[in-house]
Amino acid sequence: MVNKLKIAPSTDPCGNVDDLCVYVRKLNNFADYIHCDVMNKNFVGRDTITDKDVHEVYLRTLVPLDVHLMVNEPARIVKDYISAGATIVTVHYEAFKNKNKLVKTLKEIRSRKALSGLAINPGTDVIEIMPYLAYSDLVLVMSVDPGYSGQKFLESTCLKVKKLKQIREDYGANYLIEVDGGINPDISKRLRINGADIIVSGSYIYSAEDRAKAIDELR
Ligand code: DX5
Ligand code: ZN
């Protein structure tokens, strides 16, 4: 049996925290996760939400929070996002100079009873993260360069998803495969066929007149 594709609307298109709180409340009946895009001006140029804001979101939704940390050297802050209410905390492979620290951080996320996510930028090959898959409950494949909503989907992503699915089968692993950036219903369908479990969507859902319908179309 094939599981239903899960849809995670992202917080990124919201202009401020008030807007964000209204947005997530409206998605309660429709979203599978709320994807919280955290940036602090060092991994990417923008500054978005903090752990305090994530907690505000947590207080307004029944939907589990999927926190995407676009932050360099996030080892010391993962605990703050778990305390804020995150179910999944995802860190970037590229954000760690010392990959032993990456392993330590993924283990810490699990030991604090959250799910560990490992994200890769479009320029990073799946083969590079093979040693870390055993510590990851989820792999987030970026299909745009992180930083902004509304960019064009990179086609090379489909092959990466396919490879991750194959590796999962070959090694009997059970990480979920999530894809983030530039996704519309056509692309979502193709990603599903290649093995994606969770689709993140910023602008497609946010800009839709009927957001419930947009989520349905992506699914
Ligand atoms: C990009 C963020 C994404 C973004 C996706 O840096 O990580 O989560 O919000 O937005 P769309 O779907 O508009 O590309
Ligand atoms: Zn994201």
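Residues numbered from 1 in each chain as written. Chains lettered and ligands numbered in written order. Predicted model: local features only at pLDDT ≥ 70, side-chain atom pairs only at ≥ 80, totals over all residues. Heavy atoms only, no water.

Draft legend 1. Spotlight on unusual backbone geometry. For lysine 41, which is not a glycine, the phi torsion comes out positive at approximately 70°. Looking at lysine 41, the relative accessible area reads 57%, which means it is exposed. Backbone geometry at lysine 113 places phi at a positive 70°, although glycine is not the residue there. Relative to the elements of secondary structure, lysine 113 occurs in the loop between α4 (99–111) and β5 (115–120). (Buried < 20%, exposed > 50% of the residue type's maximum accessible area, 1.4 Å probe, protein only. Helix = DSSP H or I, 4+ residues; strand = E, 2+ residues; numbered from the N terminus.)

Draft legend 2. Seen up close, the environment of methionine 70. Along the chain, the position of methionine 70 falls in strand β3 (residues 65–70). Residue methionine 70 is classed as buried on the basis of its relative accessible area, which comes to 2%. Dropping the residues within four chain positions of it, methionine 70 is found in contact with Asp37, Val38, Met39, Asn40, Phe43, Val44, His92, Pro146 and Gly147. (Contact = heavy atoms within 4.5 Å.)

Draft legend 3. Region of interest: the coordination of the zinc ion (ligand 2). Distances from the zinc ion (ligand 2) to its protein donors, His35 (NE2), Asp37 (OD), His68 (ND1) and Asp180 (OD), fall within 2.1 to 2.3 Å. Bound by six donor atoms, the zinc ion (ligand 2) shows angles of 67 to 169° at the metal and therefore octahedral coordination geometry. Look at aspartate 180 and you get buried, because its relative accessible area is 8%. (Donors = N, O, S within 2.8 Å, 3.2 Å for Na, K, Ca; no water. Tetrahedral: all angles 85-135°; square planar, octahedral: opposite > 155°, others 65-115°.)

Draft legend 4. Region of interest: the pairing of strand β6 (residues 138–142). For β6, the tally of buried residues reaches five of five residues, placing the bulk of the element in the interior. Burial along β6 is two-sided: the residues Leu138, Leu140 and Met142 and Val139 and Val141 are all buried. With four bridges joining them, β5 and β6 adopt parallel strand pairing. For isoleucine 120, the partnering residue across the bridge sits in β6 and is valine 141. Strand direction decides the pairing type here: β6 and strand β7 (residues 176–180), joined by five bridges, are parallel. Paired with valine 139 across the strands is isoleucine 177, a residue of β7. A crossover links β6 with its parallel partner β7, the connecting element being helix α6 (residues 156–171), and its sense is right-handed. (Pairing = 2+ DSSP bridges. Right-handed = clockwise from strand over helix to strand, strands pointing away.)

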